[in-house]
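Descriptive analysis of the structure
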Amino acid sequence: DAGVIQSPRHEVTEMGQEVTLRCKPISGHDSLFWYRQTMMRGLELLIYFNNNVPIDDSGMPEDRFSAKMPNASFSTLKIQPSEPRDSAVYFCASTMITGAGANVLTFGAGSRLTVL
Amino acid sequence: AQKITQTQPGMFVQEKEAVTLDCTYDTSDPSYGLFWYKQPSSGEMIFLIYQGSYDQQNATEGRYSLNFQKARKSANLVISASQLGDSAMYFCAMPSGAGSYQLTFGKGTKLSVIP
C-alpha cells in the first residue's frame, strides 16, 4: 500500500496567492482528515470527511480556507488568499471506521507551506 | 470537550535505558481510547500504540507499552531499551468526543536519546 499521499511536499508562495494542497487517502478508507501543525498551536483538526461528505469543519479558520472531496480517492485544501500566518505543515490522514476499537489515523508526509 | 495534557516539553534519556512520557486527559465519556504517535525530525506522524478505556490489560507493542491508570486519567508511554532512533516528538491523542473519530492531540514531548 502506498499510504496517504500528499502534494506538494513543500510550497513557498507570496501573500495573496492561492494555494492548493492535495491528498490521496489509502484505498478503501472511508474517512479523511486535514490537520494543521504549527509551533504555537500544535496539531489542529481543520476538517473531517466521511464517505466524501464534510462532517466537521469547525476547525476551518475562516472563509479563506475551503476543502473538497469530490471522490473517495482525492481531496483538496485550498487557501485563497494566503497570508503569512497560514505558514504551517498541513497533514492529511485517513482511516476506515469500523465502529469498534481503535480507528487508527494514517498520516501523509505533510505539506510544508511558507507564505512570504 | 476532551483535553490532553503533556507536561514535559522535553526529555532526555540515555541509550538502552527506559523512559516514561506523561499524558493526562480529561473526558466525561464512559468509553474512549488513547493513542500515541511519534513524529521524527523528517516530519511524518507514525502511530505507535492504542489503549481502549475498557481494555483489561495495558497495551504493549514491542518496546512500547502504555501505563494506563484510568482513575488518575493518565496514559503514559513507556519506551524500553531506548535507541538513538527513538529521538523524536511524541504525541498523545484521543477522540474529540463520544462517537467521534477525529483526534485531539496534546502539545507533544520532545525525546532526545543520548549515546
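Here the structure is shown first, and the text comes after it.
Residues numbered from 1 in each chain as written. Chains lettered and ligands numbered in written order. Predicted model: local features only at pLDDT ≥ 70, side-chain atom pairs only at ≥ 80, totals over all residues. Heavy atoms only, no water.

**Quick look at the interface of chain A and chain B**
On the side of chain B, 14 residues touch chain A, which itself brings 21 residues to the contact. Between chain A and chain B the total buried area reaches about 1500 Å² when both faces are included, carbon and sulfur atoms providing 63% of it. The largest per-residue losses of area from chain A upon contact with chain B belong to Leu43, Val104 and Phe107 of chain A, which jointly make up 30% of the total buried on that side. Across the chain A-chain B interface, the total number found is five residue pairs in polar contact (both at pLDDT 80 or more). Of all the elements in the fold, those that place two or more residues in the side of chain A that touches chain B are β4 (31–38) and β5 (42–50) of chain A. (Contact = heavy atoms within 4.5 Å. Buried area = accessible area lost by both parts, 1.4 Å probe. Polar contact = N/O pair within 3.5 Å; in protein donor to acceptor, adjacent residues only side chain to side chain. Helix = DSSP H or I, 4+ residues; strand = E, 2+ residues; numbered from the N terminus.)

**Things to note about unusual backbone geometry**
The omega torsion across Ser7 of chain A and Pro8 of chain A is -10 degrees, close enough to zero to call that bond cis. In this fold, Pro8 of chain A is placed in the loop between β1 (5–7) and β2 (10–13). With omega at -5 degrees, the peptide bond leading from Gln80 of chain A into Pro81 of chain A counts as cis. Inspection of the secondary structure puts Pro81 of chain A in the loop between β8 (74–79) and β9 (88–95). Phi at Lys73 of chain B is positive, roughly 55 degrees, even though this residue is not glycine. By the secondary structure assignment, Lys73 of chain B is in the loop between β8 (64–69) and β9 (74–79).

**As for the nonpolar core**
By size, the foremost hydrophobic cluster in this structure holds 24 residues, and its most contacted members are Tyr25, Leu34, Trp36, Ile49, Leu77, Tyr90 and Leu111 of chain B. Of all the secondary-structure elements, those providing two or more residues to this core are β3 (19–21), β5 (33–39), β6 (46–52), β8, β9, β10 (88–95) and β12 (109–114) of chain B. No other element matches the four residues that β10 of chain B contributes to this core. Among the nonpolar cores identified, the runner-up in size contains 21 residues, and Leu32, Leu46, Phe49 and Leu77 of chain A belong to it. (Core = buried A, V, L, I, M, F, W, Y, C linked by side-chain atoms within 4.5 Å. Buried < 20%, exposed > 50% of the residue type's maximum accessible area, 1.4 Å probe, protein only.)

**Details of the environment of Gln39 of chain B**
In this structure, Gln39 of chain B sits in strand β5. Judged by its relative accessible area of 9%, Gln39 of chain B falls in the buried class. Along the sequence, Gln39 of chain B and Gly106 of chain B sit 67 residues apart, while their C-alpha atoms lie 13 Å from each other. Those residues in contact with Gln39 of chain B that lie beyond four places of it in its chain are Gln37 and Phe91 of chain A together with Glu44, Met45, Ala88, Met89 and Phe91 of chain B. For Gln39 of chain B, the side chain forms a polar contact with the side chain of Gln37 of chain A, separated by 2.9 Å.

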